[in-house]
Amino acid sequence: MDEKFDCIIVGAGVAGLAAAMTLARNNMKFLLIERGEFAGAKNVSGGVLWGNDLAKLVPEYWKEDAGWDRFINHRRLSFMDEESCFTVDFKSSHFNEPPYSGVVVLRSKFDRWLADKVQETIDESDFAMESFIATNILVEEILMEDDKAVGIRTGDEKFYADSVIIAEGVNNLLTRQVGLQDDYVPADHMLTGIKEIIQFDQKKLEDRFQLSGKSGLSNEFVGFASDGVEGGGFLYTNRETISLGLVLGVKDLREKEKKPHDILNKFKTHPVIKDIIKDGEVVEYSAHVVSSGDKQVMPKKLYKDGLLICGEAANLLMNAGKAIQGMDYAMRSGILAAETIVDSKEKNDFSEHSLQEYEKALNDSYVMKDINNFQDAVHLLHDPVMTQKMPNLICDFGRNFFTIKNQPTKKARTILNESVKKHASYWDLIKVGIKGGKAL
Amino acid sequence: MKITVCIKQVPDVNAPIQIKDGQLIQDSNRKILNAYDASAVEAALVLQEDHGIDQVEVVLIGPEKAKETIRKALAMGADKGIHIITEEENSFDSFAYAQLLAGFFKDREYDYIFCGKQSQDTDSGLTGSMLAEFLGLPYTTNAVGLEMADGDLTAKRQGDSGQEIIELPSPGVVTCSNDMNDPRIPSLKGIMQSKRKPVDTISVTDLGVDLSEESTKTIINSYEEKPERKAGEKFEGEPEEIARKVAQLLDTEANVI
Amino acid sequence: MSTLLTYISVSDGKVKRSSLEVLSRCNQLAEENGLQSDALIIDPKANEVAVKVKAYGPSTIYTVEDPIFKNHLNTPLLKAMATALDQINPNVLAFASTESSKDILGALAANRDAAALADVSEFDLTNTGVKAKRPVMAAKIISSVESTSYPTILTVRSGSYDLIEKSVDSEVKEIAFSFDESDLKITLKEIIGATGDKIDLSEAETVVAAGRGAKDEEGQKLVEELASLLNGAIGASRALTEAGVYDPSLQIGQTGKVVSPQLYIAVGISGAIQHVAGMANSKVIVAINKDPDAPIFDIADYGMVGDLYEVLPPFIEELKKIVNS
Ligand SMILES: Cc1cc2nc3c(=O)[nH]c(=O)nc-3n(C[C@H](O)[C@H](O)[C@H](O)COP(=O)(O)OP(=O)(O)OC[C@H]3O[C@@H](n4cnc5c(N)ncnc54)[C@H](O)[C@@H]3O)c2cc1C
Ligand SMILES: Cc1cc2nc3c(=O)[nH]c(=O)nc-3n(C[C@H](O)[C@H](O)[C@H](O)COP(=O)(O)OP(=O)(O)OC[C@H]3O[C@@H](n4cnc5c(N)ncnc54)[C@H](O)[C@@H]3O)c2cc1C
Ligand SMILES: Nc1ncnc2c1ncn2[C@@H]1O[C@H](COP(=O)(O)O)[C@@H](O)[C@H]1O
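Residues numbered from 1 in each chain as written. Chains lettered and ligands numbered in written order. Predicted model: local features only at pLDDT ≥ 70, side-chain atom pairs only at ≥ 80, totals over all residues. Heavy atoms only, no water.

Chemist: An account of the interface of chain A and chain B is requested, with residue identities and associated values reported.
Modeler: Between chain A and chain B, the contact holds 31 residues from the first and 17 residues from the second. Connecting chain A to chain B are two salt bridges. Lys20 of chain B is paired through a salt bridge with Glu240 of chain A; the nearest N and O atoms lie 3.6 Å apart. There are eight residue pairs in polar contact (both at pLDDT 80 or more) connecting chain A and chain B. Those elements that provide at least two residues to the side of chain A that touches chain B are β2 (30-33), α3 (107-124), β7 (132-134), β9 (148-154), β10 (157-166) and β15 (281-291) of chain A. At six residues, the largest contribution of residues to the side of chain A that touches chain B is made by α3 of chain A. Per-class residue counts for the side of chain A that touches chain B are 15 nonpolar, seven polar and nine charged. (Contact = heavy atoms within 4.5 Å. Salt bridge = Lys/Arg side-chain N within 4 Å of Asp/Glu carboxyl O. Polar contact = N/O pair within 3.5 Å; in protein donor to acceptor, adjacent residues only side chain to side chain. Helix = DSSP H or I, 4+ residues; strand = E, 2+ residues; numbered from the N terminus. Nonpolar A, V, L, I, M, F, W, Y, C, P; charged D, E, K, R; others polar.)

Structure representation (structure tokens):
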């Protein structure tokens, strides 16, 4: 019973499950450990899983009804002030065919489903009886010998492996324990996400959001949504519910002495949102910390002798205005980490030297490319001009532009000038323009 | 000596529940080992540890997916599982489950059968004593403590006003309250070992129990929300102040003093 | 004529109010449907007890008298039930929900090939059986259930129906019964922790319930003071019965007792659904808890946010003034 595993994965979130699936496919003997009652139990969030890595993990997943909720073919970005909402709206049948480029998932359901898929793959592998998914187990320590990871400890039980993948998510205590992340992460790099699940009659939901079959909508909100705090709002359509929520800067919340839940309640009173959620019933509320995706708080490196870090534990996340991306990064990094382990097993070399291939692969992937390229966008999003002045300006413009008063109509440029004067200086705009131009 | 524990997979009552058109929409992912059965398994394991009982086995009637609940009991330490497989859409009442269990136990060997005192979701509390009656066995319900001497059990059962200490010869049936113990949480080793423990599967038809019309004697027609109890007023501030206010309101507004 | 039979629970010669509630309901149903409502008493002094039941007007009161019924034991009780049912042959047999009735409900139903409905909060007759409402999922929701055949045996939650007196000249019929001790398959060795003449929790008008917040002696002293001032019964959450602070028979909730008093005061109780399952039907709920977000406040009519050690003393003082005036 005490035999050694090829790999122990800590955390059955998207990253850990992706890694486990990859290991199972490659006939590795591994242990996947999750502290929640089941995979997904601790994952209150949900959202859009962007890109099509899921199809790599579970080919033709779209043929199954389970696991995912809707595919996205309709995207909106809304700027709001107190009373108005100016929306950029894009819908295309181009997105209607699988593999989809974005699917909405509810994590508790999705993770559980993916875990079942991993189990099926384990059952078909050479190590059907020797690989495990163990839930309700908290990993308390990564066992290190001579600065090399050799296993894990839970309670007074110890388990050994050639390699350990840490996929523990945002609250990365183990990553800190092995010394790859500073103990103190300043609050300005932390966001808090809160979300309500609002239930509708399915027919009503589909009518209201113009959904057909399993198509879905994602909508981001900037401005009034976050009530002056840095951050923004989001809305996704699930199968029978919508997720409506906010992502807010922890430091800014603290400084402005505002509570996320109050801001969400205020957001819901906005006339446009009120119409959107009318007759819906809140069936769930949850809150969770997310990292801001600032590269400055990434672990120093993502490998060590016998050890790899992936997913949000490695702070792989991006919140650059048009979407929060984290699950796709988690998935890809999990796959890459596992592939590196498979290669290392072949070479029988789990040293730092061998495992650093993971970081290389990650750097070559879209994950790090995106994160590197969009750093400025991340900073831009946290600029107060972006969260307050800009939305006000845009709404003001919209209001005047769309108002017909039976008076001589002003030219759009004049209206825009007036709006700019009222809500921002040209200087602000130029700054944002330059930043934005560079960032995106 | 052998103890067989009847375990059931139930929806987690802590999970959000929705009702649509009178039907219960349950998250099929949030199914757990009935807490009362977990206590029954725990009790059997403690007896095994203390009195060298040869075997603790668990039996569950439920769909394919309920197997994970058997694994949970095996991970806690039970030696063997028996899965009586039903169709996903089957819905039985306690009477039918008890008949099926009686069919199962008819030709088997056991010294004691443990059940949970009730199902956490339906709170019926019928199956155990029904099973005892079908098998013609003595039984005791709502046990909050168990002791064994010379192979016979003494149960402490929670009665209406006190605890009744009851001697129960074998073979017999005990239904267990969760007040009896705190079920162990499976260790990682336990989870790993559980995978190698035997689980026999039996189909309902193999039991040869005639589940005709009469065997399900009660039906559930619909579900509804409980009439909501609104939160009243919440008083914060100086203890003397809120104490005075609430005392007065209880007298003048609520009229309950 | 078809009969609705109510089993009258007796403890220490005292009739349980909850079983008279059930009898009142059966009387009402019998009247509406042209049926007969009878009562059954199984007790060492059943005939004496019968006199007290007359005020609630069953047509016939059946009695089974034997010393064996001094304490609850399922084997003789089941035998007496079977004997009585053979003779009376009712369509419906209704009990108040108690640990004793729940102990035999399943076995009796299996023995009589009867439908069983446990712990209903409402019931009515159909052409072929009984329809009822039952709280399920730790009393978070209500299910509408139906038995499809007679006889149907059910237990009814206390507080579900009002007591209605009725002057009918009930006839008392004693059912012959004998029990051979050697038929006792199980033996009752001892009863411990009997609550004696304290106020019966499940029937009290006022309940003061203590939770983990009141886990030390000082807390319990305050709880006791409050309860005795209001002439109420003391109850507890599982946190305190499990810790051995209060007798397990005082536990309120899914595993414990269901209460529905006029006034329920939760002292240092968080309001877990399993606890709420046993008290949500109280008329007025007062909660004292230092955590303003404790779920108990979601159902409390009067919530007092504060440390119970600071709130209870002045609260008791204020109540004393009211009670004494
Ligand atoms: C409100 C909100 C909205 C979001 N929306 C989106 C979106 O629309 N699109 C998107 O792509 N991303 C979104 N994200 C981000 C996304 O959720 C994360 O990036 C993603 O979950 C990271 O996956 P992970 O597997 O690395 O970590 P997680 O999903 O957090 O999984 C980590 C797992 O490890 C377990 N664990 C932790 N420590 C231990 C331990 N010591 N022992 C055992 N198990 C342990 C945890 O229980 C957990 O299950 C959102 C986040 C929030 C908060
Ligand atoms: C199957 C099952 C059945 C169960 N059945 C029952 C049952 O029948 N009955 C039951 O009660 N439970 C039952 N439980 C347990 C239940 O889930 C809770 O664990 C239990 O009710 C908690 O008790 P509590 O509220 O006293 O303790 P806690 O949940 O620990 O709450 C204590 C509260 O006291 C407050 N507090 C602490 N100190 C102070 C102070 N100085 N002043 C004011 N407030 C203070 C705290 O803020 C807290 O809210 C069951 C559980 C299961 C799984
Ligand atoms: N499907 C089942 N499989 C095994 N045991 C069961 C099943 N249903 C009920 N039981 C047993 O009966 C108890 C609950 O009875 P009841 O409350 O009548 O549903 C459980 O705690 C189990 O011990």
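Chemist: Any chance you could break down the domain arrangement of chain C for me, citing the residues and the numbers?
Modeler: All names here are of chain C. Once the domains are mapped, chain C shows domain 1 (3-183) and domain 2 (201-324). Here domain 1 and domain 2 have C-alpha centroids that lie 31 Å from each other. With nine residues of domain 1 at the interface, the matching set in domain 2 holds eight residues. Together domain 1 and domain 2 conceal approximately 890 Å² of surface at their shared face, both sides included; 39% is due to carbon and sulfur atoms. Scanning the region where domain 1 abuts domain 2 turns up one salt bridge. The residue Arg17 makes a salt bridge to Glu205 at a minimum N-O spacing of 3.6 Å. Seen at the junction of domain 1 and domain 2, the total is three residue pairs in polar contact (both at pLDDT 80 or more). Class assignment of the residues belonging to the side of domain 1 that touches domain 2 gives a composition of two nonpolar, three polar and four charged. (Domains from an automatic or database assignment. Buried area = accessible area lost by both parts, 1.4 Å probe.)

Chemist: Summarise the site of ligand 3; cite the residues concerned and give the values.
Modeler: All names here are of chain B. Close to ligand 3 lie 19 residues, the nearest being Cys6, Asp37, Ser94, Ser119 and Gly125. Note that a nitrogen atom of ligand 3 is positioned 3.2 Å from one of the backbone N or O atoms of Ile7. Ser94 has a polar side-chain atom sitting 2.7 Å from an oxygen atom of ligand 3. The set of elements that each furnish at least two residues to the shell around ligand 3 consists of β1 (2-7), β6 (55-62), α3 (94-105) and β8 (112-116). Looking at the shell around ligand 3 residue by residue, the classes come out as nine nonpolar, eight polar and two charged. (Near = heavy atom within 4 Å.)

Chemist: How would you summarise the domain arrangement of chain A if you had to cite specific residues and measurements?
Modeler: Accessible area lost upon the coming together of the parts serves often as the stated size of an interface. Structurally, chain A comprises domain 1 (4-61 + 107-185 + 294-374) and domain 2 (383-439). Taken over C-alpha atoms, the centre of domain 1 of chain A sits 45 Å from the centre of domain 2 of chain A.

Chemist: Which residues make up the nonpolar core, and what are the values?
Modeler: Among the nonpolar cores identified, the biggest contains 97 residues, and Val5, Phe105, Phe114 and Leu146 of chain B together with Met81 of chain C are the most heavily contacted of them. If we ignore the near neighbours within four places in the chain, the residues touching Val5 of chain B are Asp37, Ala40, Val41, Ala44, Val56, Glu57, Val58, Val59 and Phe114 of chain B. The next biggest cluster of nonpolar side chains, apart from the first, holds 88 residues, and it includes Cys7, Ala20, Leu32 and Ile166 of chain A. (Core = buried A, V, L, I, M, F, W, Y, C linked by side-chain atoms within 4.5 Å. Buried < 20%, exposed > 50% of the residue type's maximum accessible area, 1.4 Å probe, protein only.)

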